[in-house]
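Residue-level structural notes
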Amino acid sequence: MTKDGEYNFRRLNVEFYSEGVKLRGWLYLPEGSERFPAIVMAHGFSAVKEMYLDSFAEVFAKAGFVTLVYDNRNFGESEGDPRQEIDPWQQVKDYRYAISYVKSRSEVDPERIGIWGTSYSGGHVIVVGALDSRVKAVVAQVPLISGSENLRRLVRSDMMPQLRNMFAEDYERRMRGEKPLTIPVVCKSPPEMCALPTSDAYEWFTETGKKRASNWKNEVTLRSVEYLSMYEPINFIRDVSPKPLMMIVAQNDVLTPTDLALEAYERALQPKELKILPGGHFDAYVKEFEKSSSIARDFFLQYLGKK
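The sections below set out a description of the structure shown in this document. On a predicted model such as this, the values are computed, not experimentally measured, just so you know.

**Side note on helix α4 (residues 147-154)**
If you check which residues of α4 are buried, you get G147, N150, L151 and L154. Each buried residue of α4 sits inside an arc of 100° when the element is viewed along its axis, so together they form one side. In the core, the buried residues of α4 are packed alongside α5 (160-175), α7 (222-229) and α8 (258-267).

**Quick look at the state of the cysteines**
Applying the stated criterion across every chain, the model contains 1 disulfide. Here C187 pairs with C194 through a disulfide, and the sulfurs are 2.1 Å apart. Between C187 and C194, the S-S torsion sits near -50°, and that sign places the bridge as left-handed. Across this residue pair, the class does not change: C187 and C194 are buried.

**A closer look at the packing of α4 against α7**
Packing of α4 against α7 leaves a shortest axis separation of 6 Å and a crossing angle of 115°. Here G147, S148 and L151 of α4 come into contact with α7, specifically with V225, L228 and S229. A per-class count over the contact of α4 with α7 returns 3 nonpolar, 3 polar and no charged.

**Some thoughts on the environment of D239**
Structurally, D239 can be placed in the loop between α7 and β9 (245-250). For D239, a relative accessible area of 47% gives the class partly exposed. Once the C-alpha coordinates of D239 and P278 are considered, the two residues, 39 residues apart in sequence, prove to be 28 Å apart. The residues contacting D239, other than those within four sequence positions of it, are G129 and A130.

**Comments concerning the pattern of salt bridges**
By the definition in use, this model includes 23 salt bridges. One salt bridge in this structure joins E77 and K49, with 2.9 Å as the shortest N-O distance. Remark: K49 occurs in the loop between β3 (36-42) and α1 (53-62) and E77 occurs in the loop between β4 (66-70) and α2 (88-104); sequence separation between them is 28 residues. Judged by relative accessible area, E77 falls into the partly exposed class, the value being 39%. Its relative accessible area of 0% is what places K49 among the buried residues.

**Concerning the environment of L277**
Along the chain, L277 turns up in strand β10 (residues 272-277). Separated by 135 residues in the primary sequence, L277 and V142 have C-alpha atoms spaced 9.4 Å apart.

**Some remarks on the packing of aromatic side chains**
As enumerated under the stated definition, the model contains 23 aromatic pairs in all. Measuring from centroid to centroid gives 6.0 Å for Y70 and Y95, while their planes differ by 75°, and the two rings are edge-to-face. Of the two residues, Y70 is situated in strand β4 and Y95 in helix α2; the sequence distance between them amounts to 25 residues. Considered together, Y70 and Y95 belong to a single accessibility category, that of buried residues.

**Quick word on the packing of α5 against α7**
Working note: a packed helix pair is described by the angle between its axes plus the distance between those axes. Axis separation between α5 and α7 bottoms out at 10 Å; the angle between their running directions is 120°. On the basis of their axis angle, the class for α5 and α7 is oblique. The hand of the α5/α7 crossing is left-handed. Residue-level contacts link L163, R164, M166, F167, D170, Y171 and R174 of α5 to L222, R223, V225, E226 and S229 of α7. Here the contact of α5 with α7 is composed, by residue class, of 6 nonpolar, 1 polar and 5 charged.

**What about the side chain of H281?**
Among the secondary structure elements, H281 is positioned in the loop between β10 and α9 (289-304). Engagement of the side chain of H281 in a polar contact is seen with the side chain of D253, the distance being 2.8 Å. Each residue touching H281, except ones within four places of it in the same chain, is listed here: S119, V142, D200, A250, D253, L255 and T256.

**Focus: unusual backbone geometry**
In this structure, the amide linkage connecting S241 to the following residue, P242, adopts the cis form with an omega of 10°. Note on placement: P242 falls in the loop between α7 and β9. The omega torsion of the bond from Q270 to P271 falls at -5°, within 30 degrees of zero and hence cis. Considering the arrangement of structural elements, one finds P271 in the loop between α8 and β10. Despite not being glycine, Y52 has its phi angle at roughly 85°, a positive value.

**Section: α5**
With 16 residues, α5 ought to run about 22 Å at 1.5 Å a step, and its terminal C-alpha atoms sit 23 Å apart, in line with that. Within the sequence span of α5, burial applies to M160, L163, M166, F167, D170 and R174. Buried positions in α5, seen along its axis, are confined to an arc of 110° and lie on one side of it. Facing away from the buried surface of α5 by more than 90 degrees, the exposed residues are N165 and M175.

Scoring rules and cut-offs
- Every chain is numbered on its own, with residues counted from 1 as its sequence reads.
- Since the coordinates come from a predicted model, pLDDT governs what is reported: local features require at least 70, and pairs of side-chain atoms require 80 or more to be given and counted, while whole-chain, interface and lining totals use all residues.
- With hydrogens and water stripped out, all remaining heavy atoms of the structure feed into the side-chain values.
- Each residue is assigned to one of three classes by its accessible area relative to the maximum for its type, calculated with a 1.4 Å probe on protein chains only: buried under 20%, partly exposed between the two thresholds, exposed over 50%.
- The helix count covers DSSP runs of H or I at least four residues long, the strand count covers runs of E at least two residues long, and both are numbered beginning at the N terminus.
- To be clear, the arc concerns the directions from the helix axis to the C-beta atoms.
- Here a residue-residue contact requires only that any non-hydrogen atoms of the pair lie within 4.5 Å.
- Note on terminology: pairs of cysteine sulfur atoms within 2.5 Å are recorded as disulfides.
- Whenever a helix is involved, its axis is fitted only over the stretch in contact; in every case the axis is a line through C-alpha atoms, and angles between N-to-C directions fall within 0 to 180 degrees.
- Residue polarity follows a fixed list, in which Ala, Val, Leu, Ile, Met, Phe, Trp, Tyr, Cys and Pro are nonpolar, Asp, Glu, Lys and Arg are charged, and the others, Gly among them, are polar.
- We count a salt bridge whenever a side-chain nitrogen from Lys or Arg sits within 4 Å of a carboxyl oxygen from Asp or Glu.
- Any Phe, Tyr or Trp ring, taking Trp's six-membered ring, that has another such ring centre within 6.5 Å forms a pair; planes under 30 degrees apart are called stacked, those over 60 apart edge-to-face, and the others tilted.
- Roughly parallel refers to an angle under 35 degrees, roughly antiparallel to one over 145, roughly perpendicular to one between 65 and 115, and oblique to any angle outside these ranges.
- Crossing handedness is defined as follows: a turn of the near helix away from the far one that is anticlockwise and smaller than a right angle gives a left-handed crossing, while the clockwise case is right-handed.
- Each polar contact in these results corresponds to two N or O atoms within 3.5 Å; when the atoms are within protein, one needs to be able to donate a hydrogen and the other to accept it, and residues that are neighboring in sequence are counted only if both atoms are side-chain atoms.
- Every helix has an expected span of 1.5 Å times one less than the residues it contains.

This is a description of form; function is not addressed.
See below:
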């Protein structure tokens, strides 16, 4: 531990299996002989771990948490096919295998494991927190709350019939053994068809991809969007209790809308805490990073930091 009370740490490249698929990531290990609490983290819709998750993990590791950051299956350095396909329920299961991996590490206190998620994975941690008894604290940052409502907010009503027809066409292509249909994650000039048609999404993904994550691809399978439309983390939020839940919400979020997050928070049971950040969805990663990371760190310290 340093003079200012922070832990020195090292970062290892690690891999673990989830139902036969090799997932790869980074494990941050604080220096010391004790068994540390742990945090499991993964990114949101199509994003890879280099897109600022290392920054959050470093904050947690300095505070004395073993921290696992991994790429979702089919993305980044993790294996899995079809590439660029997002199945939220499979990602939920992958979180649970990631918990199993950190629980197996000798450096980890298995009774003090928390989960952190952001955007799409912010929805995942609500679901995992409700389902997995090993989780002791949950932080959901700018979380997806309702996939069906999100799609209604993001896709113009006159474009929905075209999108539904594309979903049907994709099933026929797959049955014939052809490649799945794909769609850009972001696009510069909506109403061009893309999965996340907001101007701040286009700016953040393209700029962050250039600066930090050259392996990010502006592409997902069309089925990823259909899966999104059927995914409803809000149905699980009451069942996170009695585990403590922290929701970090952006004041002007148009990607995972602020009002949906606040409605979900009202549905959640105690113990729960809410913090509202200024700005939009992506400010949590950069402009408001100091605030968003310290809020999560302090919450985990409160509930996991002491035996």
